[in-house]
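Chain residues, written in single-letter form:
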Amino acid sequence: MTVGMINANPVVHERPERAAHPHAADALDPLDVFDTVRDIKDPEHPYSLEQLSVLSQESVSVDEKLGRIQITFTPTVQHCSLATVIGLCLRLKLMQNYPPHFKVDIKVAPGSLANEESGVYTDKFLRLISKK
């Protein structure tokens, strides 16, 4: 066991290959956004957020009419203290790759953190990753 790690033995999943998907060149869809963030490394491990099932294609939604990108991620353990770092990494990657008119919502999946019921973590997280 590694000392100091929150999740010393994460479950690592195979990374599926992505085939090209046809769509309008100027249209943005969830797969485009997922492809942008899927390779972000976990702050604690040398694996991607996709490999650890922190993110999936299903956890990304896009509404071009409203200019909104939403990502819901699931930390690997309920007592994850690095969820805020993951959220900030996602936000930064999206800000670097998409126009500023998109409103980006990044959320932790309901029930995935042990301390979210207290509201303390949720408030801190929202302040850190919300776009003003």
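For the protein chain, the name recorded in an unreviewed UniProt entry is MIP18 family-like domain-containing protein, with Miscanthus lutarioriparius as its organism.

## Observations concerning helix α2 (residues 83-97)
The end-to-end C-alpha distance of α2, which contains 15 residues, comes to 21 Å, matching closely the 21 Å that a straight helix rising 1.5 Å per residue would cover. Within the sequence span of α2, burial applies to Ala 83, Thr 84, Ile 86, Gly 87, Leu 90, Arg 91 and Leu 94. The arc enclosing the buried residues of α2, seen along the axis, measures out at 160°, which places them on a common side.

## Considering the environment of Arg 91
Within the element layout of this structure, Arg 91 appears in helix α2. Once the C-alpha coordinates of Arg 91 and Val 37 are considered, the two residues, 54 residues apart in sequence, prove to be 9.4 Å apart.

## Observations regarding helix α1 (residues 30-37)
Counted residue by residue, α1 has six buried out of eight residues, so it is predominantly covered. Among the residues making up α1, those that are buried are Leu 31, Asp 32, Val 33, Phe 34, Thr 36 and Val 37. Of the surrounding secondary structure, the elements contacted by the buried residues of α1 are β1 (60-63), β2 (68-73) and α2.

## Some points on the side chain of Arg 38
Relative to the assigned elements, Arg 38 resides in the loop between α1 and β1. A distance of 3.0 Å separates polar atoms of two side chains, one belonging to Arg 38 and the other to Glu 50.

## A short note on the packing of α1 against α2
Between α1 and α2, whose axes approach to 10 Å, the crossing angle comes to 115°. For the element pair α1 and α2, the recorded crossing hand is right-handed. Across from Val 33, Thr 36 and Val 37 in α1, the residues of α2 making contact are Leu 90, Lys 93, Leu 94 and Asn 97. Among the residues making up the contact of α1 with α2, the classes are represented as four nonpolar, two polar and one charged.

Parameters and conventions
- Residues numbered from 1 in each chain as written.
- Predicted model: local features only at pLDDT ≥ 70, side-chain atom pairs only at ≥ 80, totals over all residues.
- Heavy atoms only, no water.
- Helix = DSSP H or I, 4+ residues; strand = E, 2+ residues; numbered from the N terminus.
- Expected span 1.5 Å × (residues − 1).
- Buried < 20%, exposed > 50% of the residue type's maximum accessible area, 1.4 Å probe, protein only.
- Arc of directions from axis to C-beta.
- Contact = heavy atoms within 4.5 Å.
- Polar contact = N/O pair within 3.5 Å; in protein donor to acceptor, adjacent residues only side chain to side chain.
- Axes fitted to C-alpha atoms, helices over the stretch in contact; angles between N-to-C directions.
- Left-handed = near helix turned anticlockwise from the far one by under 90°.
- Nonpolar A, V, L, I, M, F, W, Y, C, P; charged D, E, K, R; others polar.

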